[in-house]
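# Architecture and fold: a report
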Amino acid sequence: MILMHKLVRNWGVAIILVSLLIYFAMYPLTMKSMVSMRKMQNLQPKIVELRAKHEKSPEKLNQEIMKLYAENKVNPLGGCLPLLLQMPVFICLYQMIWRSILFKGSDFLWIKDLSEPDRLIVLNQSFPIIGNEINLLPVIILFLMVIQQKITAKNMVITDPNQLAQQKMMTFMMPVVLLLVFYRIASGLTLYLAVFYIMSSFTQWRVARIAKAAE
């Protein structure tokens, strides 16, 4: 981060460059995990059949599902790996932006202080949840997550009505929950997350294009 700041002389731009650097470093693994997740979704109809067939034998069901994954070269944990690898970066960035004096008073675009919420508009009165300020970056993240969830749902093969209902609920509930979590955190961190979700949405769109072309 300090090296990037020496090059561009702006902490906001430095955060964006670090976000892009991490994204492109993780890109091959991210693509592989998203392809693996898509394969898993394509296997859902077969998994539903196996559950109906081995309803009374959970052990046999698990064996058959793992056999199905092995035959199709699918790793059920592959989709989580990129997120797990990025967690240390996220935690370190969170601690640095909150605790380091480097970001105090550092501005970027409309943001007056990267160590504080971005505060696009400060209101004359306070409201529940949002207080007396409108923070734009968390709202941008909300819309990016909804778009990402819709891209994911569009390319999922779901035959179980319960799973379909859960997916629809997650499409809207998860972004709202994360909006509440991120609404008052440092804008430097939400800037990093916004770049992350922009790039991951692009990756999902590209995976969908590749899969569609292969069909």
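Not measured: the values here are computed from a predicted model. (Residues numbered from 1 in each chain as written. Predicted model: local features only at pLDDT ≥ 70, side-chain atom pairs only at ≥ 80, totals over all residues. Heavy atoms only, no water.)

### Brief notes about the confidence of the model for the protein
Rules: Here pLDDT means the predictor's own confidence in every residue, given as a number from 0 to 100. Runs of E in the DSSP output that reach at least two residues are strands. Runs of H or I that reach at least four are helices, and both are numbered from the N terminus.
Overall, the prediction assigns the protein a mean pLDDT of 77, with 83% of residues at 70 or greater. At the level of individual helices and strands, the protein shows its lowest average pLDDT in helix H7 (residues 161–182), which scores 70, and its highest in helix H1 (residues 2–8), which scores 88.

### With respect to the nonpolar core
The cut-off we apply is this: What we call a nonpolar core is a set of buried Ala, Val, Leu, Ile, Met, Phe, Trp, Tyr and Cys residues that are connected through their side-chain atoms within 4.5 Å. When a residue's accessible area, from a 1.4 Å probe over protein chains only, is under 20% of the maximum for its type it is buried; when over 50% it is exposed; and in between it is partly exposed. The contact criterion used is simple: two residues touch if any of their non-hydrogen atoms lie within 4.5 Å.
In terms of nonpolar packing, the biggest core is built from 28 residues, with Ile15, Ile97, Leu114 and Tyr192 touching the most fellow members. Elements that contribute at least two residues to this core include exactly helix H2 (11–42), helix H5 (81–99), helix H6 (136–154), H7 and helix H8 (187–214). Setting aside its immediate chain neighbours within four residues, isoleucine 15 contacts Met1, Ile97, Phe103, Leu114, Gly188, Leu191 and Tyr192. Met40, Leu43, Leu68 and Tyr69 belong to the second largest nonpolar core, which has 9 residues in total.

### Some remarks on the packing of aromatic side chains
Going by this rule: Pairing of aromatic rings covers Phe, Tyr and Trp, the last counted by its six-membered ring, and requires centre-to-centre distances within 6.5 Å; plane angles under 30 degrees mean stacked, over 60 mean edge-to-face, and any other angle means tilted.
A full pass over the atoms with the stated rule returns 4 aromatic pairs. Seen from their ring centres, tryptophan 11 and phenylalanine 103 are 4.9 Å apart, and the 55° between their planes marks the pair as tilted. Residue tryptophan 11 is found in helix H2, and its partner phenylalanine 103 is found in the loop between H5 and strand E1 (121–127); the two are separated by 92 residues along the sequence. The pair tryptophan 11 / phenylalanine 103 is uniform in exposure class, with both members buried. For the ring pair tyrosine 23 and phenylalanine 24, a centre distance of 5.0 Å and an interplane angle of 75° mean the geometry is edge-to-face.

### Structural notes on the pairing of E1
This is how it is decided: Here the rule is simple: two strands pair whenever DSSP picks up at least two bridges between them.
Bridge analysis of E1 against strand E2 (residues 131–134) gives 3 bridges, and the strand direction is antiparallel. Note that in E2 the partner of isoleucine 121 across the bridge is isoleucine 134. Here E1 folds back onto E2 in antiparallel fashion, the turn holding 3 residues, of which isoleucine 129 has a positive phi close to 75°.

### Quick look at the side chain of aspartate 113
Definition in use: All tallies of charge rest on Lys and Arg as positive and Asp and Glu as negative; His and the ends of each chain are not included. In the sections that follow, a salt bridge refers to a side-chain nitrogen of Lys or Arg positioned within 4 Å of a carboxyl oxygen of Asp or Glu. Contacts described as polar in this section are N or O atom pairs within 3.5 Å, which, within protein, must combine one atom able to donate a hydrogen with one able to accept it, while residues neighboring in sequence count only if both atoms come from side chains.
If you trace the backbone, aspartate 113 turns up in the loop between H5 and E1. No salt bridge is formed by the buried aspartate 113; its nearest oppositely charged neighbour, lysine 104, is found at 5.9 Å. Within the structure, the side chain of aspartate 113 is placed 3.1 Å from the backbone nitrogen of glycine 105, a separation counted as a polar contact.

### Considering unusual backbone geometry
What is expected of a backbone is that most residues other than glycine have negative phi and most peptide bonds are trans. Phi at leucine 109 is positive, roughly 50°, even though this residue is not glycine. With respect to the helices, strands and loops of the structure, leucine 109 is situated in the loop between H5 and E1. Phi is positive for arginine 119, close to 45°, though the residue is something other than glycine. With respect to the secondary-structure elements, arginine 119 resides in the loop between H5 and E1. Judged by relative accessible area, which is 33%, arginine 119 ranks as partly exposed.

### Quick word on the environment of valine 181
Within the secondary structure, valine 181 sits in helix H7. Taking relative accessible area as the criterion, valine 181 reaches 49% and is therefore assigned partly exposed. In this structure the C-alpha to C-alpha distance between valine 181 and proline 138, which are 43 residues apart in sequence, comes to 9.1 Å.

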